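Working through the structure, step by step
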Amino acid sequence: MSANNPFARLPEAAAFTVTSSTVSDGGAWPPAQWSSGTPGGKDVSPQLNWSGAPAGTKSYAVTVYDPDAPTGSGFWHWAVANIPATTTALPEGVGDDLGSGLPVGSIQLPNDARLPRYIGAAPPVGHGKHRYFVTVHALDVEDLGIAADSTPALLGFTIAGHILGRATLVATAEAMQ
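Here we summarise the structure given alongside this text. (Residues numbered from 1 in each chain as written. Predicted model: local features only at pLDDT ≥ 70, side-chain atom pairs only at ≥ 80, totals over all residues. Heavy atoms only, no water.)

A look at the sheet that holds strand E2 (residues 17-19)
If you walk across this open sheet you meet the 3 strands as E2-E3-E6, and the pairing is antiparallel. Here the strands that pair on one side only, and so sit at the sheet edges, are E2 and strand E6 (89-90). (Pairing = 2+ DSSP bridges. Helix = DSSP H or I, 4+ residues; strand = E, 2+ residues; numbered from the N terminus.)

Okay, here's the thing in C-alpha coordinates:
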(Lines give C-alpha, C1' and ligand atoms only; values in the text may rest on other atoms or scores of the structure.)
Protein backbone atom coordinates (compact mmCIF):
# COMPACT_ATOMS: atom_id res chain seq x y z
CA MET A 1 0.00 0.00 0.00
CA SER A 2 1.34 3.41 -0.92
CA ALA A 3 0.87 6.67 0.93
CA ASN A 4 -0.63 8.18 -2.22
CA ASN A 5 -3.66 10.34 -1.38
CA PRO A 6 -5.51 10.94 -4.65
CA PHE A 7 -6.92 14.25 -3.36
CA ALA A 8 -3.72 15.76 -1.94
CA ARG A 9 -3.00 17.96 -4.97
CA LEU A 10 -6.59 18.88 -5.83
CA PRO A 11 -8.38 22.07 -4.82
CA GLU A 12 -9.64 22.27 -1.24
CA ALA A 13 -13.27 21.26 -0.83
CA ALA A 14 -15.70 21.39 2.06
CA ALA A 15 -16.10 18.10 3.89
CA PHE A 16 -19.41 16.33 4.29
CA THR A 17 -20.36 12.80 5.32
CA VAL A 18 -20.66 9.53 3.40
CA THR A 19 -21.53 6.24 5.07
CA SER A 20 -22.33 2.75 3.84
CA SER A 21 -24.20 -0.27 5.13
CA THR A 22 -21.89 -2.32 2.87
CA VAL A 23 -18.53 -1.31 4.37
CA SER A 24 -17.28 0.93 7.15
CA ASP A 25 -14.54 3.51 6.69
CA GLY A 26 -11.25 1.62 6.95
CA GLY A 27 -12.99 -1.76 6.74
CA ALA A 28 -12.45 -4.58 4.29
CA TRP A 29 -14.74 -5.01 1.29
CA PRO A 30 -17.18 -7.90 1.75
CA PRO A 31 -16.90 -10.66 -0.91
CA ALA A 32 -19.74 -9.24 -3.06
CA GLN A 33 -17.73 -6.05 -3.69
CA TRP A 34 -14.76 -8.01 -5.05
CA SER A 35 -14.36 -8.68 -8.77
CA SER A 36 -16.30 -11.59 -10.24
CA GLY A 37 -12.88 -12.84 -11.38
CA THR A 38 -11.94 -13.56 -7.75
CA PRO A 39 -13.34 -16.34 -5.53
CA GLY A 40 -16.73 -15.20 -4.18
CA GLY A 41 -16.56 -11.85 -5.97
CA LYS A 42 -19.75 -10.49 -7.55
CA ASP A 43 -18.96 -6.93 -8.77
CA VAL A 44 -21.78 -5.47 -6.63
CA SER A 45 -21.52 -1.72 -6.08
CA PRO A 46 -21.68 -0.59 -2.44
CA GLN A 47 -24.66 1.03 -0.75
CA LEU A 48 -23.99 4.71 0.01
CA ASN A 49 -25.67 7.45 2.07
CA TRP A 50 -24.48 11.04 2.27
CA SER A 51 -25.46 14.17 4.16
CA GLY A 52 -24.28 17.68 4.92
CA ALA A 53 -23.32 18.69 1.39
CA PRO A 54 -22.49 22.38 0.97
CA ALA A 55 -25.15 24.93 0.06
CA GLY A 56 -25.34 25.43 -3.69
CA THR A 57 -24.85 21.75 -4.53
CA LYS A 58 -26.56 21.10 -7.87
CA SER A 59 -25.38 17.53 -8.54
CA TYR A 60 -23.07 14.79 -7.33
CA ALA A 61 -20.56 12.42 -8.83
CA VAL A 62 -19.52 9.16 -7.19
CA THR A 63 -16.17 7.48 -7.78
CA VAL A 64 -14.36 4.39 -6.49
CA TYR A 65 -10.60 4.53 -7.03
CA ASP A 66 -7.67 2.28 -6.04
CA PRO A 67 -4.46 4.37 -5.91
CA ASP A 68 -2.47 1.26 -4.91
CA ALA A 69 -3.01 -0.67 -8.16
CA PRO A 70 0.32 -1.59 -9.81
CA THR A 71 -0.28 0.57 -12.87
CA GLY A 72 1.44 3.89 -12.24
CA SER A 73 -1.97 5.54 -12.49
CA GLY A 74 -4.13 3.58 -10.05
CA PHE A 75 -7.37 1.91 -11.12
CA TRP A 76 -10.86 3.43 -11.41
CA HIS A 77 -13.51 0.88 -10.39
CA TRP A 78 -16.62 3.05 -10.73
CA ALA A 79 -17.59 6.52 -11.89
CA VAL A 80 -21.08 8.03 -11.97
CA ALA A 81 -21.80 11.65 -12.91
CA ASN A 82 -24.79 14.01 -13.00
CA ILE A 83 -26.50 12.52 -9.95
CA PRO A 84 -29.32 14.98 -9.08
CA ALA A 85 -28.83 17.13 -5.96
CA THR A 86 -32.02 15.65 -4.48
CA THR A 87 -30.31 12.26 -4.23
CA THR A 88 -28.65 11.39 -0.91
CA ALA A 89 -28.27 7.61 -1.24
CA LEU A 90 -27.54 4.85 -3.71
CA PRO A 91 -28.70 1.29 -3.00
CA GLU A 92 -26.28 -1.60 -3.20
CA GLY A 93 -26.02 -3.04 -6.70
CA VAL A 94 -27.00 0.04 -8.76
CA GLY A 95 -23.66 -0.10 -10.55
CA ASP A 96 -24.67 -3.11 -12.65
CA ASP A 97 -24.39 -3.34 -16.46
CA LEU A 98 -27.53 -1.26 -16.95
CA GLY A 99 -27.09 1.20 -14.09
CA SER A 100 -30.50 0.02 -12.95
CA GLY A 101 -31.66 2.04 -9.99
CA LEU A 102 -29.39 5.01 -10.68
CA PRO A 103 -31.29 8.31 -10.53
CA VAL A 104 -32.72 9.60 -13.80
CA GLY A 105 -30.16 11.76 -15.60
CA SER A 106 -27.13 10.04 -14.06
CA ILE A 107 -24.49 8.61 -16.35
CA GLN A 108 -22.26 5.65 -15.51
CA LEU A 109 -18.87 6.00 -17.18
CA PRO A 110 -16.60 3.16 -18.25
CA ASN A 111 -14.17 2.11 -15.51
CA ASP A 112 -10.53 1.29 -16.23
CA ALA A 113 -11.60 -2.10 -17.62
CA ARG A 114 -13.67 0.02 -20.08
CA LEU A 115 -16.95 -1.35 -18.70
CA PRO A 116 -19.68 1.19 -17.86
CA ARG A 117 -20.41 -0.38 -14.46
CA TYR A 118 -18.89 -1.06 -11.05
CA ILE A 119 -16.07 -3.58 -11.12
CA GLY A 120 -14.97 -5.01 -7.80
CA ALA A 121 -11.66 -5.23 -6.01
CA ALA A 122 -8.99 -7.53 -7.43
CA PRO A 123 -5.61 -6.68 -5.94
CA PRO A 124 -2.81 -8.97 -7.13
CA VAL A 125 -1.96 -11.83 -4.79
CA GLY A 126 0.89 -10.84 -2.50
CA HIS A 127 0.70 -7.14 -3.46
CA GLY A 128 -0.45 -6.10 -0.01
CA LYS A 129 -3.50 -4.22 1.14
CA HIS A 130 -5.13 -1.90 -1.38
CA ARG A 131 -7.26 1.14 -0.50
CA TYR A 132 -10.45 1.96 -2.35
CA PHE A 133 -11.43 5.63 -2.06
CA VAL A 134 -15.24 5.74 -2.27
CA THR A 135 -16.01 9.40 -2.83
CA VAL A 136 -19.12 11.51 -3.27
CA HIS A 137 -18.30 14.84 -4.93
CA ALA A 138 -20.73 17.77 -4.44
CA LEU A 139 -20.74 19.95 -7.56
CA ASP A 140 -21.94 23.43 -8.54
CA VAL A 141 -23.52 22.34 -11.86
CA GLU A 142 -26.43 20.02 -12.69
CA ASP A 143 -24.66 18.51 -15.70
CA LEU A 144 -20.90 18.25 -16.14
CA GLY A 145 -21.25 18.15 -19.92
CA ILE A 146 -19.11 15.06 -20.40
CA ALA A 147 -19.88 12.20 -22.75
CA ALA A 148 -21.08 8.86 -21.38
CA ASP A 149 -17.97 7.18 -22.80
CA SER A 150 -15.56 9.57 -21.05
CA THR A 151 -12.83 8.18 -18.85
CA PRO A 152 -12.94 8.52 -15.06
CA ALA A 153 -9.75 10.61 -15.32
CA LEU A 154 -11.58 13.12 -17.54
CA LEU A 155 -14.43 13.12 -15.03
CA GLY A 156 -11.94 13.90 -12.25
CA PHE A 157 -10.39 16.70 -14.28
CA THR A 158 -13.83 18.17 -14.99
CA ILE A 159 -14.96 17.84 -11.37
CA ALA A 160 -11.93 19.87 -10.21
CA GLY A 161 -13.45 23.03 -11.71
CA HIS A 162 -16.86 22.46 -10.10
CA ILE A 163 -16.13 20.96 -6.69
CA LEU A 164 -17.96 22.35 -3.66
CA GLY A 165 -17.48 19.43 -1.30
CA ARG A 166 -16.04 15.95 -0.99
CA ALA A 167 -17.05 13.03 1.23
CA THR A 168 -14.82 9.95 1.27
CA LEU A 169 -14.69 6.60 2.96
CA VAL A 170 -11.89 4.16 2.34
CA ALA A 171 -12.46 0.41 1.99
CA THR A 172 -9.62 -2.12 1.77
CA ALA A 173 -8.88 -5.44 0.10
CA GLU A 174 -5.92 -7.81 0.15
CA ALA A 175 -5.55 -11.03 -1.84
CA MET A 176 -3.63 -13.59 0.18
CA GLN A 177 -3.73 -16.55 -2.20
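Looking at the nonpolar core
Counting 27 residues, the largest nonpolar core has Trp29, Trp50, Val62, Trp78 and Leu90 as its most contacted members. Setting aside residues up to four positions removed in sequence, Leu90 forms contacts with Pro46, Gln47, Leu48, Trp50, Val62, Trp78, Ile83, Leu102 and Pro103. In this structure, Leu109, Leu139, Val141 and Ile163 belong to the second largest nonpolar core, which totals 12 residues. (Core = buried A, V, L, I, M, F, W, Y, C linked by side-chain atoms within 4.5 Å. Buried < 20%, exposed > 50% of the residue type's maximum accessible area, 1.4 Å probe, protein only. Contact = heavy atoms within 4.5 Å.)

Remarks on the packing of aromatic side chains
The geometry of two aromatic rings is summed up by the distance between their centres and the angle between their planes. Tallied over the full model, the rule gives 7 aromatic pairs. Aromatic pair Phe16 and Tyr60: ring centres 6.3 Å apart, planes at 50 degrees, arrangement tilted. Taken together, the positions of Phe16 in the loop between strand E1 (14-15) and E2 and Tyr60 in strand E4 (residues 59-66) put the pair 44 residues apart, joining distant regions of the chain. No difference in accessibility class separates Phe16 from Tyr60, as the two residues are buried. An aromatic cluster is defined as three or more aromatic residues linked by ring pairs; in this entry it consists of Trp29, Trp78, Tyr118 and Tyr132. (Phe/Tyr/Trp six-rings, centres within 6.5 Å; stacked < 30°, edge-to-face > 60°.)

A word on the environment of Asp97
With respect to the helices, strands and loops of the structure, Asp97 is situated in the loop between E6 and strand E7 (107-108). Asp97 sits 22 residues away from Ile119 along the chain, and the two C-alpha atoms are 9.9 Å apart. Within the local environment of Asp97, its side chain forms a polar contact with the side chain of Arg117, the two groups lying 2.7 Å apart. (Polar contact = N/O pair within 3.5 Å; in protein donor to acceptor, adjacent residues only side chain to side chain.)

Points about the side chain of Ser150
Among the structural elements, Ser150 can be located in the loop between strand E8 (130-139) and helix H1 (152-160). Look at Ser150 and you get buried, because its relative accessible area is 8%. Ignoring anything within four residues of it in the chain, the contact list for Ser150 reads Leu109, Pro110 and Arg114.

Observations concerning the pattern of salt bridges
When their charged atoms lie close together, side chains carrying opposite charge are able to pair. All told, the structure shown has 2 salt bridges when counted by the stated rule. Residues Arg131 and Asp68 are paired through a salt bridge, measuring 2.8 Å at the closest nitrogen-oxygen approach. Note that Arg131 is positioned in strand E8 and Asp68 in the loop between E4 and strand E5 (75-84), a separation of 63 residues in sequence. Assessed through its relative accessible area of 12%, Arg131 is described here as buried. Residue Asp68 is classed as buried on the basis of its relative accessible area, which comes to 6%. Put simply, Arg117 and Asp97 hold a salt bridge, and the shortest N to O gap is 2.7 Å. Placement of the pair is Arg117 in the loop between E7 and E8 and Asp97 in the loop between E6 and E7, with a sequence separation of 20 residues. The exposure class assigned to Arg117 is buried, which follows from its relative accessible area of 12%. Assessed through its relative accessible area of 57%, Asp97 is described here as exposed. (Salt bridge = Lys/Arg side-chain N within 4 Å of Asp/Glu carboxyl O.)

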